[in-house]
Every structure is written in structure tokens, then in C-alpha cells.
Amino acid sequence: MELVALLTLLLFAITGQGECASVATKKDWWQNAQFYQIYPRSFMDSDGDGIGDLNGITSKLEYLKDLGVTAAWLSPIFTSPMVDFGYDISDFFDIQPEYGTLDDFRALIKRANELDLKIVLDFVPNHSSNESIWFKKSVNRERGYEDYYVWHDGKVNATTGEREPPTNWLQYFRGSAWEWNEVRQQYYLHQFAVQQPDLNYRNPAVVEQMKRVLRYWLNEGVSGFRCDALPPLFEVLPDAEGQYPDEVVSGATEDVDDRNYLTVKYIENQPETIDMVYQWRTVLDDYQRIHGGNSSVLLIETYSPAWFTMQFYGNRSREGAHLPFNFNLITVMEEKGLSAVNVKEAIDLWLNNMPAGRTPNWVLGNHDKRRAASRYGKEYIDAMNMLVMILPGVSVTYQGEEIGMTDGVISWEDTVDPWGCNSNPDIYEQYTRDPERTPFQWTSGANAGFTNGSTTWLPLAADYKTVNVEVELAAEESHLKIYKELVALRKSSITLQNGSTKYWVISEDIFVVQR
């Protein structure tokens, strides 16, 4: 791939030649946006406890403005026991104390508005924490909460006489997706950690409750939501006897605790999930119709097949998500490696399946995947950033990609991610997401300028003294400066915003994009 970066730079000259011929098209704010994902725990610490927080983010909003970011998406900031670092929410209507307060959040929104930056929040609809008052009431079968979660009596083994889980379903974090509750004397479903019970979306009260969550944060001034983990939102309906079907062995792995050991036909990608997204879009559109202002964006996390993912956009009669996330530049390269042919396959897989009139998006990384510079190779991070800025539609950057941050090395002893912790010292590196979550590297100073405290919640990546914002701003040429130039070009070029796109492979090492 040694020619890719050079070739991509040359393409800018081609782009500029068509400016006079391009006709400006009025688009909504999100359709050519640069989204920037912030993992709050690792972005900036304001109080010296080694954990990033809201005031830390507020203090760095001018950095985002200088990058040319349109909207910052914040991973969960809500009240949580932090078993899954915010994705186990105990109170959907308040802020996690170690991140700050509602007043701190309002100050963040106020400063973002002053800088013309939009804030998008993570919406985690599939489950709550088992410390949520909703779950506690459901355990006790309190009126109105009896069926807030997915409960089941389980089965009695005919041979042993012992009670067993209802099915063989497996959770994402290894092991059974069912957990016995002694108080209620039933099993509950948890497609993630034991402490993350699945909400029951076949209960209208749950559906309305989660719509209340959306409206609450819209009232606080957010500009939309990134919806977490949509594929498992619904599971198949039980049969006439109230029993769920077992999944079959997939053949993908011999590890019987790994979710991939079984198929997910009955626990992912159900048609009701698509309809629920359409309902959430209606909530956002109705809010704008009633209150005015800009549209609020709906982003969807899904690693589902194209036939399912593309339905999230909407259909002839109903609008859905503005942007179902496109992870093809991650998943295709993970499976097949980085090459011009595979880059084309990843782009084709989206553009050839996307419904007409919809907006594409391009994602290089996130808090669940190894850092882009580590996956593609440090020498290719500029080329890949160029690619997502040249392609039509929306770009999504995970914090640190603009400076070429790489994965940290996290020992078993320092591992805190439940996916890693639920394994063992021999295999944890296959599962842990800690390496891509290490603190952001601001300077070459103590703790990379992330905190003025003595420790950080995860160890820093080893290269922080040479790969950081301070060093790259001072350098004559750097990943950061190239990134900023790319965003500036994208924002100023009518061709990049509205022009047609052609792309092709010249050889295994050379991929061409023409705008």
C-alpha cells in the first residue's frame, strides 16, 4: 500500500478542477458532517482523579472547533455502577457523579452552542443496569414493572430434575445469556453482562419509557443520539407453550462460551427492531415540529448484514435512522487485510446496497475496536483519514485517530473491560477493549496532559511522548495537520460535498477515488 497516500494526495488536484461545474445543493447539517466520538472517561480529566469528565470535555471544545468537527458524540455519561463503563445505566435521567453533574452538562451544551458545535449522546436502549430502580421493582413484581424485563421460569432437566436456563443462548461477554434471580425465582435475559438485564420491548410501558428518555435529553439541548447495540433489541417470540428455541452450533469457533459458537438467528436482527427505530425517528421529528430548531440526528450501531442494516434508513412510508453506522472499512479489513481490492469491496458493500437518496457514512474505528493506526498500520493512518474525507457523505472519527494514536498495552492485571475479565489470562487479549480506550494524548508531559493527578484509570500508550497534540501542532508536517487540512478542504469544496463519485482499483496497492 506504499503508493496509497501519495495517490490520495494527488486526487485533491482532480477534485479542485470540477468546482465551477458543481451545483450547490442545500443539505441538512448532518449530511456532510464530521462526527467526532468522545469516550468521556479517557478524553480529559479536570479534577485530578485520573478519570475524564464533562468539565474536561468542555475545556477542550475549542480543540474540536479547531479540528473542524461538526458534532461530538459522547459515549454514555449517565448514572452507572460502571460494570461496563457506562453501558450499564442505573438512571437514564442523570449524570454519573465521577463525570460531573447536570449543571456541568448544561455548561458543556452552552459552550458548545457558543462554538457552533453540536452534542450527540449515546442512547443505550437494549438494557439497563441491574441496579436500576426499574429492575429492582421488576424483581419484586411491583405493579407496572412485572414484565419490564425478559423473565422466564426456565426448564427442568428430565434426567437430573434440576432447573436449567430456558435456552442455550450466549451473551456477548461469554457464557449463558440467562441468569437466575433468587428473589423472583425466575431467569432473566442479559445479552451483555449479568449486570445488564435486557429490557422487554414487547411491553408498551418500556417503549414509552425509553421515548421519555429521548425527549428528556432533547429538552436539555442535545442534537441527536447514537443508538447502542441495536441487533439484540428484540428476540424471537416464544411458542404457544411459552418456550424459546435453541440456537444451533455455528461452526465458527470451538470455544463453547464464545457468542460466536452459536448462531444468532433468534436473538438478533428481528423485524420489530426496525420498527422501533422508525418510532424513535418519529419522536425526534415530532420534537422538531413542536419546538422548532435544527433537526436531531439518529445514528445506529449495527454490525448486521446489509439486507438488515439498510432497512434502518426507512422505507417508502416511514423515515428511520439518518445514519446506520457503516463499519465496512473495519470489518472487511479485519477479515481480509488492507488492500486496494478490499477497500473497494468495503465501499461497494455500502454504496451498492444503500437505498436511493440516502446519505452514506464512513467509520474507521470506535471504542470497541482496535485503534485504526494499530489495525491498518501507523504508516496508513493518513491515507485512511484521507479516504473517509474524500468519499461522499459523513465521516466519523474516534478520538485519537486524528493524531495517529495506537493501542495501549494492557496487562491482565490492569484489565478492567468485562469482555476481557470474563475470559482468562491466556485469551483475554482476544476480547478486551481496554487497549483502544487508553487516555487521550494531549502533551509530552506527565500523564500525557490528560490529568494533573498521579494516576490514570488505564495505563497510557507507550508512545504518548511523541504522538500527541502538542508535538503534532508544532511539527512542520504531522497526522494532525493533515487531518485538519482534509476537514477544511471537505468543508470548503462543493465537489466533495455534492459531487459525483467514481472509484476503481489500478492494482493491489493502488486505489483511485475521483470526485
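Our subject is the structure listed above.
Residues numbered from 1 in each chain as written. Predicted model: local features only at pLDDT ≥ 70, side-chain atom pairs only at ≥ 80, totals over all residues. Heavy atoms only, no water.

Participant: Any chance you could explain the pattern of salt bridges here in plain terms?
Facilitator: Pairing between side chains of opposite charge can happen when the charged atoms of each approach one another. A complete count under the given rule lists 29 salt bridges for this structure. One salt bridge connects arginine 437 with aspartate 368, and the closest N-O pair in it is separated by 3.0 Å. You can see arginine 437 sitting in the loop between α13 (418-421) and α14 (469-474) and its partner aspartate 368 sitting in the loop between β14 (361-363) and α11 (372-376), a full 69 residues away along the chain. We note that arginine 437, like aspartate 368, is buried. Each of Asp84, Asp368, Asp417, Arg433 and Arg437 takes part in a single network of salt bridges with overlapping partners. (Salt bridge = Lys/Arg side-chain N within 4 Å of Asp/Glu carboxyl O. Helix = DSSP H or I, 4+ residues; strand = E, 2+ residues; numbered from the N terminus. Buried < 20%, exposed > 50% of the residue type's maximum accessible area, 1.4 Å probe, protein only.)

Participant: Explain the packing of helix α12 (residues 381-390) against helix α15 (residues 479-492) here, please?
Facilitator: Two quantities define a packed helix pair, namely the angle between the helix axes and the distance between the axes. Here α12 crosses α15 at 10°, and the two axes come no closer than 10 Å. By the angle class used here, α12 and α15 are roughly parallel. For the pair α12 and α15, the contacting residues are Ile381, Asp382, Asn385, Met386, Val388, Met389 and Ile390 in the first and His479, Ile482, Tyr483, Leu486, Val487 and Arg490 in the second. Here the contact of α12 with α15 is composed, by residue class, of 9 nonpolar, 2 polar and 2 charged. (Axes fitted to C-alpha atoms, helices over the stretch in contact; angles between N-to-C directions. Parallel < 35°, antiparallel > 145°, perpendicular 65-115°, else oblique. Contact = heavy atoms within 4.5 Å. Nonpolar A, V, L, I, M, F, W, Y, C, P; charged D, E, K, R; others polar.)

Participant: Is there a simple way to think about unusual backbone geometry in this case?
Facilitator: Of all residues except glycine, most have a negative phi; of all peptide bonds, most are trans. Backbone geometry at asparagine 269 places phi at a positive 55°, although glycine is not the residue there. Note on placement: asparagine 269 falls in the loop between β11 (224-227) and α7 (271-291). Phi angles above zero are rare outside glycine, and alanine 448 is one such case at about 60°. By the secondary structure assignment, alanine 448 is in the loop between α13 and α14.

Participant: Would you explain α7 in this entry?
Facilitator: The α-helix advances 3.6 residues per turn, and as a result positions three or four apart in sequence lie on the same side. The terminal C-alpha atoms of α7 lie 31 Å apart, and with 21 residues this matches the ideal 30 Å at 1.5 Å per residue to within 8%. Listed as buried for α7 are Thr273, Ile274, Met276, Val277, Tyr278, Gln279, Trp280, Arg281, Val283, Leu284 and Tyr287. Among the structural elements, β5 (118-123), α6 (204-219), β11, β12 (297-300) and α8 (306-309) are those in contact with the buried residues of α7. Directly after α7, the chain includes glycine 292, whose backbone phi takes a positive value near 75°. (Expected span 1.5 Å × (residues − 1).)

Participant: Would you mind going over the pairing of strand β15 (residues 394-398) with me for this structure?
Facilitator: Within β15, 5 of the 5 residues are buried, leaving the element largely enclosed by the surrounding structure. Two elements, strand β1 (residues 34-38) and β15, share 4 bridges in a ladder whose sense is parallel. Paired with glutamine 37 across the strands is tyrosine 398, a residue of β15. Of the strand pairs in this sheet, β14 and β15 are connected by 3 bridges, and their pairing is parallel. The residue of β15 that forms the bridge with valine 363 is valine 396. (Pairing = 2+ DSSP bridges.)

Participant: Just to check I follow, could you spell out the sheet that holds β5 for this structure?
Facilitator: By definition, the strands of a sheet pair up through backbone hydrogen bonds, in either a parallel or an antiparallel sense. Ordered by their spatial adjacency, 8 strands build an open sheet running β13-β12-β11-β5-β2-β1-β15-β14, and the pairing between neighbours is parallel. Every other strand in the sheet has two partners, leaving β13 (323-324) and β14 as the edge strands with one partner each. In the packing of α6 onto the sheet, the strands contacted are β5 and β11, and the crossing angle to β5 comes to about 160°.

Participant: Can you walk me through the sheet that holds strand β9 (residues 178-181) in this structure?
Facilitator: An order of β6-β10-β9 is seen for the 3 strands of this open sheet, with the pairing classed as antiparallel. Both edges of this open sheet fall to β6 (151-152) and β9, since each of them pairs with a single strand only. Of the pairings in the sheet, the one linking β6 to strand β10 (residues 186-189) comprises 2 bridges and is antiparallel in character. From the neighbouring strand, histidine 152 faces β10, where its bridge partner is tyrosine 187.

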